[in-house]
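# Tertiary structure, described
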Amino acid sequence: MPNRARNRALLISLLITCFAALCAAIAIAAQLLPSVLASPGYEAPGDACRAVSSATLQRAFGGNNADEKGSGDSTHDSRCDWRIIDPPSEVGSGRYGRLSVGVAAMLDEHGNPDTAVPVQRVRELRTEPDASPLAGIGEQASMSPERHGVRIIAARANLLVDVEYQATELVNGVEEPLPAEELQAVARQAAQDVLRQAGPPR
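Anyway, here's the lowdown on the structure attached to this text. All values derive from a computational prediction rather than experimental measurement. (Residues numbered from 1 in each chain as written. Predicted model: local features only at pLDDT ≥ 70, side-chain atom pairs only at ≥ 80, totals over all residues. Heavy atoms only, no water.)

## Some thoughts on the overall build of the protein chain
Applied cut-off: Helix and strand definitions here come from DSSP, where helices need a minimum of 4 consecutive H or I residues and strands a minimum of 2 consecutive E residues; each element is numbered from the N-terminal end. Burial here depends on accessible area, computed with a 1.4 Å probe over protein chains only, as a share of the maximum for the residue type. Under 20% is buried, over 50% is exposed, and the range in between is partly exposed. Contacts are assigned to residue pairs that have any heavy atoms within 4.5 Å of one another.
Counting its regular elements, the protein chain contains six helices and eight strands. Ordered by position in the sequence, the α and β elements of the protein chain form the string α-α-α-β-β-α-β-α-β-β-β-β-β-α. Taking all 202 residues of the protein chain together, 35% fall into the buried category. Put simply, of all contacts in the protein chain between residues at least 6 apart along the chain, 59% involve residues at least 24 apart.

## A look at the packing of helix α3 (residues 54-61) against helix α6 (residues 180-198)
Basically, it comes down to this: Axis lines are fitted through C-alpha atoms, for helices just across the contact stretch, and the angle between N-to-C directions can take any value from 0 to 180 degrees. Under this scheme an angle from 65 to 115 degrees is roughly perpendicular, one under 35 degrees roughly parallel, and one over 145 degrees roughly antiparallel; angles in between are oblique. A clockwise turn of the near helix away from the far one marks a right-handed crossing, whereas an anticlockwise turn of less than a right angle marks a left-handed crossing.
Remark: α3 packs on α6, axes separated minimally by 10 Å, with the N-to-C direction vectors making an angle of 160°. Between α3 and α6, the angle falls in the class roughly antiparallel. Note on packing geometry: the crossing formed by α3 with α6 is left-handed. Of the residues in α6, those touching α3 at Ala55, Thr56, Arg59 and Ala60 are Glu182, Ala185, Val186, Gln189, Ala190 and Asp193.

## Structural notes on the nonpolar core
Threshold: Throughout this description, the term nonpolar core refers to a set of buried Ala, Val, Leu, Ile, Met, Phe, Trp, Tyr and Cys residues connected via side-chain atoms within 4.5 Å.
Among the nonpolar cores identified, the biggest contains 38 residues, and Leu99, Val101, Leu159, Val161, Val163 and Tyr165 are the most heavily contacted of them. Going through the elements one at a time, α2 (48-51), α3, β2 (77-83), β3 (94-105), β5 (140-146), β6 (149-156), β7 (159-171) and α6 are the ones with two or more residues in this core. Those residues in contact with Val101 that sit more than four places away from it in its chain are Ala48, Val52, Ser78, Arg79, Cys80, Trp82, Asp162, Val163, Ala190 and Val194.

## Points about the state of the cysteines
Convention followed: What counts as a disulfide here is a pair of cysteine sulfur atoms lying within 2.5 Å.
Within this structure, the stated rule accounts for one disulfide. Two residues, Cys49 and Cys80, share a disulfide whose sulfurs are 2.0 Å apart. Between Cys49 and Cys80, the disulfide has an S-S torsion of 95° and is therefore right-handed. With Cys49 in helix α2 and Cys80 in strand β2, the pair connects residues that are 31 residues apart, well separated along the chain.

## Observations concerning the pairing of β3
Consecutive residues of a regular strand have side chains that alternate between opposite faces of the sheet. Heads up, the rule is: Any two strands are treated as partners once DSSP identifies two or more bridges connecting them.
Most of β3 sits out of view: twelve of its twelve residues are buried. Both β2 and β3 contribute to a ladder of seven bridges, which runs antiparallel. In the sheet register, Trp82 faces β3, and the bridge partner there is Leu99. Note: β3 against β7, twelve bridges, orientation antiparallel. In the sheet register, Val103 faces β7, and the bridge partner there is Val161.

Scope: geometric values only; no functional claims are made or implied.
Given below as structure tokens:
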């Protein structure tokens, strides 16, 4: 009897130890699983001001000097705005307006790439009047016309790119509308600059 009781106690102790080890393994797996299953993506968005090329700015403003202002921390999001601040009568000729470029790396609560949010933003823009899908930029993109301008939102993995370009052509200090195709081309070029700077998701 004593041996039977001792064996039973040892068995119970062994079962408790095994159960504790199993619980610890499950807890560790639960912490590691999100990282293991995470999709490729971007940890940070980079600098929006540096991403846009001089060729794009030349096309956007036709050689006129645009005031540059950056914001964000380049850790989660970054935005850069270019704007001609002088009145049209002083600028005289060339492009007159503003270019705004935002880029964000969307992460979930575990710090892993969140690919759902950028796709959602692309689809939300598509619900605007006269908005349409846009091919050839990222994995998904949408374009929406604005007054004297256009907005493009593009998604690649967990990277969200948001570009707004509004401009007119100055002729002797008088603003003339730009063709929609030209507005779209500039915004598209800026979005492609950002995606090119970001490189492929990792």
